[in-house]
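# Tertiary structure, described
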Amino acid sequence: MKSSFGQTLRVTVWGQSHAPSVGTDIDGFPAGYRIDADALAEFMSRRAPGKDPLSTARREDDIPEFLSGVENGVTTGGVIKAEIKNRDIRPSDYDNVKNVPRPGHADYAARVKYGDGYDMAGGGPFSGRMTAPLCVAGALAIGLLSKNGISVHAKPVEIGGVAGDVDAMKEEIAKAKADGDSVGGVVECTVEGMPAGVGGPLFGGMEGLISSAVFAIPAVKGIEFGAGFAAARMRGSENNDPFAVENGMVVTTKNDHGGILGGITSGAPLVFRAAFKPTPSIAKEQDSVDLSTLENVKLTVKGRHDPCVVLRAVPAVEAACAIAILDALLTEGRILKTE
Ligand SMILES: Cc1cc2nc3c(=O)[nH]c(=O)nc-3n(C[C@H](O)[C@H](O)[C@H](O)COP(=O)(O)O)c2cc1C
């Protein structure tokens, strides 16, 4: 099973949660970029499981091995193939959901599409584990963008309905976990230094490109740019961002447009928020069905799960955004510095 994104920078993610490995093939990445191994490891550890009592107990080091496209730490221009071994697998945890789909997870829809022979242990290719290879590709994209003065930074802004303070958000996760339940939340991502004039109308719009990449992250159920859904409740006079000249440059005096007008970047910081639903696998008993007998049954999900995916998903949002932006820049033939 594999899934691909991008026009010029073609990123493919492959593997499954409890298969021997997951990985990414990155085609179209410029030659001559030196991978910063420390920055890559640091980025991967922000997503890696087992680091925090509020995340899944599965332990993975998430260090990729580059099988091609990188010589002595420098990209060659060929296809970059990176593999991450799955070390802490326990497929038997999922024996009881083989025929009993977890509400909210991909089990039922995948069964309809692929039949009953498919390895859905740990969510198979629909697992949050797939964001590990996504983060490898994203880390390279972020590194190359930073050489060109573009930074991508995401943070959690709301969890379980609580906004602002990270400790208060973590308390919501702990409460949900104690109840055998889960919570969702919102991640905000800001891109600084994005040049004006990237993107295009209709299907070529930057909102669409970024959204398409961000929706690859499991559990994302919504995305909004700038004022987003709040703009639907504003008047034009309130929502419009006035133009002004500052130091000989055209700027907007506020940024409700989120850095994109008509699908094209305006030069203002690009800002979007992604909504994550609560983790489907919860300890509480739930109603489901046995697909082999077509009977209603009660399900208690086993395995190791995140009571909230939001904190671990933050680097995945940065990764998806960086991949989409880099692809757009490369497609438009913008010259990108690798050093
Ligand atoms: C970093 C990350 C970790 C996740 N961990 C879990 C988990 O432990 N248990 C679970 O049921 N879902 C987890 N998910 C979410 C599911 O993979 C996702 O809800 C499921 O595949 C269904 O897809 P959908 O929610 O996009 O419809 C995680 C998602 C991410 C991004």
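Residues numbered from 1 in each chain as written. Predicted model: local features only at pLDDT ≥ 70, side-chain atom pairs only at ≥ 80, totals over all residues.

### Let's talk about the site of the ligand
Spelled out, the test is: Any residue whose C-beta atom, as set from the backbone, lies within 6 Å of a molecule or strand is reported as near that molecule or strand. The helix and strand labels rest on DSSP assignments: H or I over at least four residues marks a helix, E over at least two residues marks a strand, and numbering proceeds from the N terminus.
The local shell around the ligand holds 21 residues, among which Phe126, Gly128, Pro218, Ser281 and His305 are the closest. With 3 residues, helix H7 (residues 310-331) is the single largest residue contributor to the shell around the ligand.

### Side note on the nonpolar core
Put simply, the rule reads: To form a nonpolar core, buried Ala, Val, Leu, Ile, Met, Phe, Trp, Tyr and Cys residues must be joined through C-beta atoms within 7 Å. As a rule, residues whose C-beta atom has 12 or fewer other C-beta atoms within 10 Å are exposed, those with 20 or more are buried, and those in between are partly exposed; C-beta atoms are placed from the backbone. Throughout, a residue-residue contact means that the two C-beta atoms, derived from backbone geometry, are no farther apart than 7 Å.
Judged by nonpolar contacts, the single largest core of 75 residues is most densely connected at Val317, Ala320, Cys321, Ala322, Ile323 and Ile325. Counting residues per element, this core draws most heavily on H7, which supplies 16 residues. For Ala320, the residues in contact, after removing those within four places along its chain, are Leu134, Gly138, Ala213, Val214, Ala216 and Ile217.

### A short note on the sheet that holds strand E3 (residues 21-27)
Within a sheet, adjacent strands bond to each other through the backbone by hydrogen bonds, running parallel or antiparallel. The condition that has to hold: Strands qualify as paired when DSSP identifies two bridges or more between them. Axes, fitted as lines to C-alpha atoms, cover a helix only where it is in contact. Angles between the N-to-C directions of the axes lie from 0 to 180 degrees.
Pairing in this open sheet of 5 strands is antiparallel, and the strands run E1-E2-E3-E7-E4 from one edge to the other. The open sheet has two edge strands, strand E1 (2-5) and strand E4 (65-68), and neither has a second partner. With strand direction ignored, the average angle separating the axes of adjacent strands in the sheet is 20°. Two elements, E1 and strand E2 (residues 10-15), share 4 bridges in a ladder whose sense is antiparallel. Bridge pairing in E2 links Phe5 to Val11. Sheet strands in contact with helix H3 (residues 131-146) are E2, E3 and strand E7 (80-85), and its direction is about 30° off that of E3.

### Some words on the environment of Ala320
Mapped onto the fold, Ala320 is located in helix H7. Assessed through the 32 C-beta atoms surrounding it within 10 Å, Ala320 is described here as buried. A C-alpha to C-alpha distance of 15 Å links Ala320 and Phe29, two positions 291 residues apart in sequence.

### A closer look at the pairing of strand E8 (residues 151-159)
Relative to strand E10 (residues 185-192), E8 runs antiparallel, the two being bridged by 8 bridges. The residue bridging Val152 from the neighbouring strand is Val191, located in E10. Here E8 folds back onto strand E9 (residues 162-163), and the loop between the two strands holds 2 residues, one of which, Gly160, carries a positive phi near 55°.

### Structural notes on the packing of helix H5 (residues 206-214) against H7
As a reminder of what qualifies: Roughly parallel means an angle under 35 degrees; roughly antiparallel, over 145; roughly perpendicular, 65 to 115; everything else is oblique. Note on convention: near helix rotated counterclockwise from far helix by under a right angle means a left-handed crossing. Clockwise means right-handed. Gly is placed with the polar residues, together with every amino acid not listed as nonpolar (Ala, Val, Leu, Ile, Met, Phe, Trp, Tyr, Cys and Pro) or charged (Asp, Glu, Lys and Arg).
Across the interface, H5 lies against H7 with an axial gap of 8 Å and an inter-helix angle of 140°. Here H5 is positioned oblique relative to H7, judged by the angle of their axes. Classified by chirality, the crossing of H7 by H5 is right-handed. Between H5, through Met206, Leu209, Ile210, Ala213 and Val214, and H7, the contact on the second element is made entirely by Val317, Ala320, Cys321, Ile323, Ala324 and Ala328. Among the residues making up the contact of H5 with H7, the classes are represented as 11 nonpolar, no polar and no charged.

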